[in-house]
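Read off the chains here:
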Amino acid sequence: MANAALRRLVRRYQRSDHLAPAPLHTERAYQQMLLDVAWRTERGVLLHLDSCCGVGESTKHWAQQHPDAFVMGVDKSSHRLAKHPHYTEPGVTNYRLYRADCSALWPLFVHASWRFEHHNLWYPNPWPKYSQRQRRWYANPVMAALIRLQRRLVVRSNCEWYLEEFAWALRWWGCDPVMAAWRIRGVSATPFERKYHASEQKLWQLSCNFN
């Protein structure tokens, strides 16, 4: 997407709120989340979010790396989430998966003043066709919620231009993102990461801290 066209979209959504109603399964997931985090937040447990988690391997991986946090994995596909038992490991219990639509769920979090310590958005669909550009997170009305959702955001992709555009959008929102080549350290965190590594594709990571 040309920078001028992207900037027009970003400016448009900076002046409007995302008001799409939440699907029933997303509302049910949100209500379950309220129950799951209530006692944890009372005890000072930090909340981490793993959006578009697919089969949930990345959620389990992140929970292993951060045993003092509660990690919430979200994906809209019940089919993908049903495959998660193949990726579980004994003793990793500080996470849970939920079926929900992130575009409807993120605004619910913001409305309730939730703030995640860390948010992973790994290997999202880049929607490469020009006609699909407004499906990209940074060119979508829900970006207004994403900006306010977390203290730290990390996005990974094998698509360099996707993260470059994401970085431009974040800057127009007044943020200061950092983009760099990403090298897998140890075990791959997702099936996509494993596939890209096997085919020797270059990976990229975008990180951004928020006030």
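Everything discussed here concerns the structure shown above.
Calculation criteria
Residues numbered from 1 in each chain as written. Predicted model: local features only at pLDDT ≥ 70, side-chain atom pairs only at ≥ 80, totals over all residues. Heavy atoms only, no water. Phe/Tyr/Trp six-rings, centres within 6.5 Å; stacked < 30°, edge-to-face > 60°. Buried < 20%, exposed > 50% of the residue type's maximum accessible area, 1.4 Å probe, protein only. Lys NZ or Arg CZ within 6 Å of the ring centre and 35° of its normal. Salt bridge = Lys/Arg side-chain N within 4 Å of Asp/Glu carboxyl O. Helix = DSSP H or I, 4+ residues; strand = E, 2+ residues; numbered from the N terminus.

Student: Sorry, what's going on with the packing of aromatic side chains here?
Tutor: Counting across every chain of the model gives 14 aromatic pairs. Relative to Trp 114, the ring of Phe 109 lies with its centre 4.8 Å away and its plane at 20°, an arrangement referred to as stacked. By relative accessible area, which is 0% here, Phe 109 ends up buried. Judged by relative accessible area, Trp 114 falls into the buried class, the value being 13%. The structure contains a cluster of three or more aromatic residues connected by ring pairs, namely Tyr 30, Phe 109, Trp 114 and Phe 116. Positioned over the ring face of Trp 127 is Arg 135, at 4.6 Å from the centre of the ring. The aromatic ring of Trp 122 is capped on one face by Arg 156, whose charged end is 3.9 Å from the ring centroid.

Student: Help me understand the pattern of salt bridges, please; the structure alone is not making it clear to me.
Tutor: As enumerated under the stated definition, the model contains 7 salt bridges in all. The closest approach of N and O atoms between Glu 57 and Arg 194, which form a salt bridge, is 3.0 Å. One end of the pair, Glu 57, is in helix H3 (residues 57–65); the other, Arg 194, is in helix H8 (residues 191–198), with 137 residues separating them in the sequence. For Glu 57, a relative accessible area of 7% translates into the label buried. On the basis of relative accessibility, which here comes to 35%, the residue Arg 194 falls in the partly exposed class. Its salt-bridge partner being Glu 193, residue Arg 156 comes within 3.1 Å of it at the nearest N-O pair. In this pair, Arg 156 sits in strand E5 (residues 152–157) while Glu 193 sits in helix H8, placing the two residues 37 residues apart along the sequence. Considered together, Arg 156 and Glu 193 belong to a single accessibility category, that of buried residues.

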